[in-house]
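Secondary and tertiary structure notes
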Amino acid sequence: MKIIGTGSSIPHRVIDNNMLSTFLDTSEEWIYPRTGIRSRHVISDERLEDLGRDACLKALENSGLKPGDLDLLICSNVVNEYATPSLSSVIAQGIGVTCPCIDINCACPGFIYAMDIADSYYKAGKVKNVMIVCAEEPTRMVAWNDRSTCVLFGDGAGAAVFTEGDNFKESKLYSQPDVEKIWEYRLLEPSPFVTRKKEVNVPMQMKGREVFKFAVTTSVRDINDILSRRGLKPEDIDYFLIHQANMRIIEGIRQSLGVPIEKFPTNIEDHGNSSSASCPILLDECNRKGMFKKGDKIVFSAFGAGLMSAVALIEW
Ligand code: UT7
């Protein structure tokens, strides 16, 4: 398969670090040096499904395909307001398609997990054109009085359209289950038959330092694995599109690989961490800036709750 179009859509409301410090015990001086984040886009009057729809429509326009050309729509999402139907079904209705829809919840590596699934459909000869959309609203998962999590995240949607081709070279998915590192708990409707003791909703909890170490070590391992399997070295790669979780994580990965900064485009400074949407939003921004030329080798690497990580190599 190969990518023939990209799109993204982000909320209009921008919250910078100084705005956060009006209601939280935090500051630009704490947040920026530790994370690389200056501001983030947060959902206010938008709905996540509308951002997802807009990202898909922009990706379709960029690809030259029409909604009716799609054979499969995969949506990566961690949390949204619809428990059912799937967010992919809601977005499918928004863009006017009737193809099969699948939701996946693979946290921050969701875009790479979705590409891996799509690649299997291509190899099985089941599809010609596939849409992957990652739509995330992590600012609705955190407690806004918890300065250790809420300052890190931003919302948005990124999408990519794929067709037949051989530019998608390889992907690999990894899992190292450890629920306690990042989790959020949501109660379901009460039932007269549930006999467990009363439970409560718990907003996102994260062991930041441990996740930080996991992120750097797994990303470096995943990237080195895929490069050695393909007989490539870091210097053979034109761009590394890394999950935008923390600039220090990205910098740690870059330094371990010994790659110049120009090969590591970032947008964390004004987006924060938008979970699985971060890679396709960054991809779309780079694409629309005209950064990629035919034949460029691009590595994606992402990591997050699960704990899960994933890596992929494509050729533009
Ligand atoms: O998508 C993947 C998901 N998550 C991640 O990738 C996150 C990975 N982890 C990180 O990015 C970093 O661990 C954080 C940015 C979350 C935290 O940075 P840190 O250098 O590991 O700080 P820390 O959690 O060890 O906290 C250091 C201090 C603490 O104060 P004390 O106990 O030393 O007095 C915190 O209470 O900083 C305090 N602190 C803050 N202070 C001001 C934590 N958050 C804030 C804040 N503003 N927003």
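Above this text is the structure in question.
Some details on helix α10 (residues 278–288)
- The buried fraction of α10 amounts to nine of the eleven residues, a majority that puts the element mostly inside the structure.
- All of the buried residues along α10 are S278, C279, P280, I281, L282, L283, D284, C286 and N287.
- Where α10 ends, the next residue or the one after it, G290, has phi of about 75 degrees, a positive value.

Some words on the nonpolar core
- Core analysis: the largest hydrophobic core is formed by 36 residues, its most contacted members being F111, M115, I132, F162 and F300.
- Among the elements of the structure, β4 (72–76), α5 (110–123), β6 (130–136), β7 (156–163), β11 (239–242), α10, β12 (297–304) and β13 (308–315) are those that each provide at least two residues to this core.
- Looking at this core element by element, the count peaks at seven residues for α5.
- A domain split of this core shows at least three residues from each of domain 1 (2–165) and domain 2 (170–315).
- With residues up to four places along the chain from it excluded, the contact list for F162 reads M1, K2, I3, I4, F111, M115, Y122, K128, N129, V130 and I132.
- Grouped together as the second largest cluster of nonpolar side chains are 24 residues, V216, I242, I250 and F264 included.

Some words on the site of the ligand
- Neighbouring the ligand are 22 residues, the closest being T26, R147, R209, N246 and N273.
- In isolation the ligand has 960 Å² of accessible area, and contact with the protein removes 74% of it.
- Secondary-structure elements contributing two or more residues to the shell around the ligand are α2 (28–35), α6 (147–150), α7 (208–229) and α8 (247–257).
- Counting residues per element, the shell around the ligand draws most heavily on α7, at four residues.

Some details on the sheet that holds β12
- The mixed open sheet is built from four strands, whose spatial order is β8-β13-β12-β11. For this open sheet the edge positions go to β8 (168–175) and β11, each flanked by a neighbour on one side alone. Averaged over all pairs of adjacent strands, the angle between strand axes in this sheet comes to 10 degrees, irrespective of strand direction.
- Seen against the sheet, α7 touches β8, β11, β12 and β13 and runs at an angle of roughly 40 degrees to β13.

Parameters and conventions
Residues numbered from 1 in each chain as written. Predicted model: local features only at pLDDT ≥ 70, side-chain atom pairs only at ≥ 80, totals over all residues. Heavy atoms only, no water. Buried < 20%, exposed > 50% of the residue type's maximum accessible area, 1.4 Å probe, protein only. Helix = DSSP H or I, 4+ residues; strand = E, 2+ residues; numbered from the N terminus. Core = buried A, V, L, I, M, F, W, Y, C linked by side-chain atoms within 4.5 Å. Domains from an automatic or database assignment. Contact = heavy atoms within 4.5 Å. Near = heavy atom within 4 Å. Areas by Shrake-Rupley, 256 points an atom, 1.4 Å probe, with all protein chains shown as cover. Pairing = 2+ DSSP bridges. Axes fitted to C-alpha atoms, helices over the stretch in contact; angles between N-to-C directions.

Everything listed here is a matter of coordinates, which is why it stays silent on function.
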